[in-house]
Amino acid sequence: MPQLSDLTTAVAEGKRAETVRLTQELIAEGAHPSTVVEQGLVPGMGIVGERFKNNEIFVPEMLIAARAMKESLKLLEPMLADAGVKPKYTVVVGTVQGDLHDIGKNLISMMWRGAGFNVVDLGTNVSPEKYLAAVQEHGAHLVGLSALLTTTMPAMKATVQLLRSANLPNTKIMVGGAPITQAFADEIGADGYAADAGTAVEIAKKLVGATA
Ligand code: B1M
């Protein structure tokens, strides 16, 4: 029987076919999809990040590992998003300008869909203006900004500033991503911050005033 640690190793080593196979096997053995994500896949990317920081691997290896994780997430998405409820709240989500990291943002989107939100995903490298246009077009109750680079944190701040200047009293702003902290969220005037996908659901529901 496969272990979650085997999946962590497969992602860290960028073994796409093995990552998919282990994901399938773990699910077949009864593992919960969010456990597979949080205790199998995410730690694998943590290892990749450490190795990259220590110059043991480079961008291509990071990319290969990311592809393996994405393949597995594709498989898990229907299970994570199977809420069966009619969406009542709309969330616009994206990774901020200059930032191409999308795995965390995609994971948050899946969890939000699973929690019954209508999610409008703008993708990566999203300019402040594009967020604003989408929020206005969709009448979003919440806008989620993700940033993975310290160098793109200013873009997050600029986006919050633009959204605030547009006076949207019914739209809450939520931020997250590896370098983001509650202190930074407070400093730039966001309404909410979450460190991980599970908390992101909890905070999003609280911000829009969802009861269930
Ligand atoms: Co990049 N990268 N990367 N990278 N990369 C990091 C972020 C880094 C920490 C690696 C390291 O040095 N240890 C480092 C940033 C350092 C810093 O800024 N301090 C880094 C760097 C430097 C770079 C480049 C500059 C490298 C280069 O080119 N020299 C470059 C930048 C490109 C760009 O964006 N302009 C780059 C490129 C890439 C790849 C393209 C190769 C690839 C991304 C592929 C993709 O996303 N499609 C990549 C990867 C894979 C990583 C690491 C290894 C993994 C990121 C990831 O997917 N994690 C990462 C190291 C790490 O994070 N340990 C690293 C898994 C994911 C589930 O977690 O995204 O953190 P995460 O999301 C979490 C939470 O943060 C939170 O919930 C999620 C689930 O728990 N969360 C939110 C995220 N968004 C949220 C929003 C919310 C709430 C919570 O509300 C709205």
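See the structure printed just above.
Residues numbered from 1 in each chain as written. Predicted model: local features only at pLDDT ≥ 70, side-chain atom pairs only at ≥ 80, totals over all residues. Heavy atoms only, no water.

What about the site of the ligand?
Phase 1 of the analysis: Within the structure, the ligand sits among 36 residues, and G49, L100, H101, D102 and S146 are positioned closest to it.
Phase 2 of the analysis: With respect to the ligand, the backbone of G98 contributes an N or O atom lying 3.0 Å from a nitrogen atom.
Phase 3 of the analysis: Contact between the ligand and A197: an oxygen atom at 3.4 Å from a main-chain N or O atom of the residue.
Phase 4 of the analysis: Here the ligand occupies the largest pocket. (Near = heavy atom within 4 Å. Polar contact = N/O pair within 3.5 Å; in protein donor to acceptor, adjacent residues only side chain to side chain. 1 Å grid on protein atoms, 1.4 Å probe; cavity = no way out; pocket = protein on both sides within 12 Å on 5 of 7 lines; lining within 4 Å. Sits in = over half its atoms within 2 Å of the grid points.)

A look at the sheet that holds strand β3 (residues 142-146)
Phase 1 of the analysis: Pairing is parallel across the open sheet formed by five strands, whose spatial order is β2-β1-β3-β4-β5. Since the sheet does not close on itself, it has two edges, and those belong to β2 (118-121) and β5 (192-193), each with one partner.
Phase 2 of the analysis: The sheet contact formed by strand β1 (residues 90-95) and β2 spans four bridges and is parallel. Directly across from V93, in β2, lies its bridge partner D121.
Phase 3 of the analysis: The sheet strands contacting helix α9 (residues 197-208) are β3, β4 (172-176) and β5, and the helix crosses β4 at an angle near 165°. (Pairing = 2+ DSSP bridges. Helix = DSSP H or I, 4+ residues; strand = E, 2+ residues; numbered from the N terminus. Contact = heavy atoms within 4.5 Å. Axes fitted to C-alpha atoms, helices over the stretch in contact; angles between N-to-C directions.)

A word on the coordination of the cobalt atom of the ligand
Phase 1 of the analysis: What the protein offers the cobalt atom of the ligand as a donor is a single atom, H101 (NE2), at 2.2 Å.
Phase 2 of the analysis: Note on placement: H101 falls in the loop between β1 and α5 (103-114). (Donors = N, O, S within 2.8 Å, 3.2 Å for Na, K, Ca; no water.)

A short note on α5
Phase 1 of the analysis: For α5, spanning 12 residues, the distance from its first C-alpha to its last is 16 Å, which sits close to the expected 16 Å at 1.5 Å a residue.
Phase 2 of the analysis: Among the 12 residues of α5, nine are classified as buried, and the element is accordingly described as predominantly covered.
Phase 3 of the analysis: Those residues of α5 lying buried are I103, K105, N106, L107, I108, S109, M110, M111 and W112.
Phase 4 of the analysis: In the segment just after α5, G116 is the residue with positive phi, at about 95°. (Expected span 1.5 Å × (residues − 1). Buried < 20%, exposed > 50% of the residue type's maximum accessible area, 1.4 Å probe, protein only.)

Looking at the pattern of salt bridges
Phase 1 of the analysis: On inspection of all chains with the given rule, the structure shows nine salt bridges.
Phase 2 of the analysis: A salt bridge links R16 to E71; the nearest nitrogen and oxygen atoms lie 3.6 Å apart. With R16 in helix α2 (residues 16-28) and E71 in helix α4 (residues 59-80), the pair connects residues that are 55 residues apart, well separated along the chain.
Phase 3 of the analysis: By relative accessible area, E71 is classed as partly exposed at 26%.
Phase 4 of the analysis: With a shortest N-O distance of 3.6 Å, E77 and R113 are connected by a salt bridge. Within this pair, whereas E77 is found in helix α4, its partner R113 is found in helix α5, the two being separated by 36 residues in sequence.
Phase 5 of the analysis: Judged by its relative accessible area of 25%, E77 falls in the partly exposed class.
Phase 6 of the analysis: In this structure, a network of salt bridges that share partners links the residues R16, E71 and K74. (Salt bridge = Lys/Arg side-chain N within 4 Å of Asp/Glu carboxyl O.)

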